[in-house]
Each structure stands twice: as C-alpha cells, then as structure tokens.
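Summary of the model geometry
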Amino acid sequence: MEKTIIQYNIFLEKARTIFHNKMLDYGSTWRVLRPGSLLDQLFIKAKRIRSVQNAGEQMIDESLDNEFLAIYNYSIMSLIQLRLEFTDEPDLAPDDALRLYDDEIISVRELMKAKNHDYGEAWREMQVSSIADLILVKLFRIRQIMDNSGKTISSEGIDSNLKDIANYAIFALILLNENK
C-alpha cells in the first residue's frame, strides 16, 4: 500500500497544480456551473477516453493522462459544488478555492486508503478500459440520483460516487504510467 500512496500522491500533485494554474488563469468561473453541467463535463471526458480506447487511435493530441487528470479535478470541483452549491458569479479567490480543493482531496484520499485496505488493491489487476467503464457507470448512477431529486433508497449518494470517480481516475493514471 505504501507504493500506492506514493504513486497516488504524485498524480494528486499534478492534478492540484493544474487546478491551481487554471484558477490563476480563469478564476472560479467553474462555480457558475450547475451540478448537471459539471456532470456533463465529466461525462464528456469519460466518453472521449472510451472512444479513444475503442478506436485505438486519436485525432486530437491530448493524452489520456490529461483526460483522467481532468476527471479527477472535475470530480473535486463537483464535491465543492455539492458543499457550497453553484452561484451566479465566480465568488472564490484562488486561495479560498485551493483550500476547499485541499479539504476534498484529503477526504477522497482517506476513502481510497480505506477501500484499498478492504479490497486488497484489486484495481491493480484491472484493465484501464474497465476503470473507464466504471467511471461511466458511476456517472450514469449520479444522473439517476439527480433525476430522483438526490434521493436514494439503498445506494450511496452523489458525493460517494464522485469520490469513487476521483479515485478511479488516479488508479487509471497509475496503471497507464506503469505500463509505459
């Protein structure tokens, strides 16, 4: 598990750097996105990954690593939006947004540690394409929960699914880079 934590933290830092730099470039413009819009951004990234995997080639010179990093960041942004709710104007200074981001990544990483302990790092034996499929399944589940006004009967809520998606994205990055 120590190897996983080291690898995980490397990609976590890459994602955090991207988030921070985009905050400096664009500010917190993402705060105006409603939950469905953020979900659509996640969906677009996951669909592109699956499309490239299925075709075996790509026409846009954007690596799958970047797409999985985007999925991680959109998941964290979605978790922040769940906590604060969307707004009509960008309302967070970069430092405030980064503090919220850091709060969420701590929670997501702790969940990863707990699940890795219980599941014995089963993800290491998975294909990256299966992880992409699981991300899509989680996105469809979130859509269904949203259609049910956020209510579930016996299933995890939106936040749990978003945390799983974020962790799957990091797992995919680890596997992709181990295979290089």
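Everything that follows concerns the structure shown earlier in this document.
Reference entry: report on the structure contained in this document. (Residues numbered from 1 in each chain as written. Predicted model: local features only at pLDDT ≥ 70, side-chain atom pairs only at ≥ 80, totals over all residues. Heavy atoms only, no water.)

**What to know about the overall build of the chain**
A tally of helices and strands in the chain yields 6 helices and 0 strands. When the elements of the chain are put in sequence order from the N terminus, they spell out α-α-α-α-α-α. Taking 180 residues into account, the globule formula puts the C-alpha radius of gyration at 16 Å, and the chain, at 16 Å, falls close to it. Reported as C-alpha extents along the three principal axes, the dimensions of the chain are approximately 45 × 40 × 35 Å. Long-range pairs, those at least 24 residues apart, make up 82% of the contacts in the chain between residues at least 6 apart in sequence. For the chain, the computed accessible surface area is about 9900 Å², with 50% contributed by carbon and sulfur atoms. Between the mean site of the 22 positive side-chain charges and the mean site of the 28 negative ones, the chain shows a separation of 3 Å. (Helix = DSSP H or I, 4+ residues; strand = E, 2+ residues; numbered from the N terminus. Rg over C-alpha atoms; globule rule 2.2 N^0.38 Å. Contact = heavy atoms within 4.5 Å. Areas by Shrake-Rupley, 256 points an atom, 1.4 Å probe, with all protein chains shown as cover. Lys, Arg positive; Asp, Glu negative; His and termini not counted. Charge placed at Lys NZ, Arg CZ, Asp CG, Glu CD.)

**Comments concerning the environment of Val-32**
Locating Val-32 in the fold gives a position in the loop between helix H1 (2-26) and helix H2 (35-55). Spatially, the C-alpha atom of Val-32 lies 19 Å from that of Tyr-72, the residues being 40 residues apart in sequence. Other than its neighbours up to four places away in sequence, Val-32 contacts Gln-81, Phe-86, Thr-87, Asp-88, Glu-89 and Pro-90.

**Observations concerning the packing of aromatic side chains**
When we look at a pair of aromatic rings, we describe it by the centre distance and by the angle of the planes. As enumerated under the stated definition, the model contains 4 aromatic pairs in all. Geometrically, the ring pair formed by Phe-43 and Phe-140 is edge-to-face, given 5.4 Å between the ring centres and 75° between the ring planes. Taken together, the residues Phe-43 in helix H2 and Phe-140 in helix H5 (residues 128-147) connect sequence positions 97 residues apart. Assessed through its relative accessible area of 17%, Phe-43 is described here as buried. Seen from their ring centres, Trp-123 and Phe-171 are 4.1 Å apart, and the 0° between their planes marks the pair as stacked. Taken together, the positions of Trp-123 in the loop between helix H4 (94-119) and H5 and Phe-171 in helix H6 (residues 158-178) put the pair 48 residues apart, joining distant regions of the chain. A residue is classified by how much of its surface remains accessible, and Trp-123, at 5% relative accessible area, is buried. A connected cluster of aromatic rings, assembled from ring pairs, spans Phe-19, Trp-30 and Tyr-101. Across the ring face of Phe-43, the terminal group of Arg-143 is positioned such that the distance to the ring centre comes to 4.3 Å. (Phe/Tyr/Trp six-rings, centres within 6.5 Å; stacked < 30°, edge-to-face > 60°. Buried < 20%, exposed > 50% of the residue type's maximum accessible area, 1.4 Å probe, protein only. Lys NZ or Arg CZ within 6 Å of the ring centre and 35° of its normal.)

**Notes on the packing of helix H3 (residues 64-84) against H4**
To describe two helices that pack against each other, one gives the angle between their axes and the distance between the axes. Look at H3 against H4: their axes get within 9 Å of each other, and the N-to-C directions meet at 105°. Between H3 and H4, the angle falls in the class roughly perpendicular. The residues of H4 that touch H3, namely those facing Tyr-72, Asn-73, Ile-76, Leu-79, Ile-80, Arg-83 and Leu-84, are Ala-97, Leu-100, Tyr-101, Asp-103, Glu-104, Ile-105 and Val-108. Residues that form the contact of H3 with H4 fall into these classes: 10 nonpolar, 1 polar and 3 charged. (Axes fitted to C-alpha atoms, helices over the stretch in contact; angles between N-to-C directions. Parallel < 35°, antiparallel > 145°, perpendicular 65-115°, else oblique. Nonpolar A, V, L, I, M, F, W, Y, C, P; charged D, E, K, R; others polar.)

Limitation: the analysis is restricted to geometry and does not speak to function.
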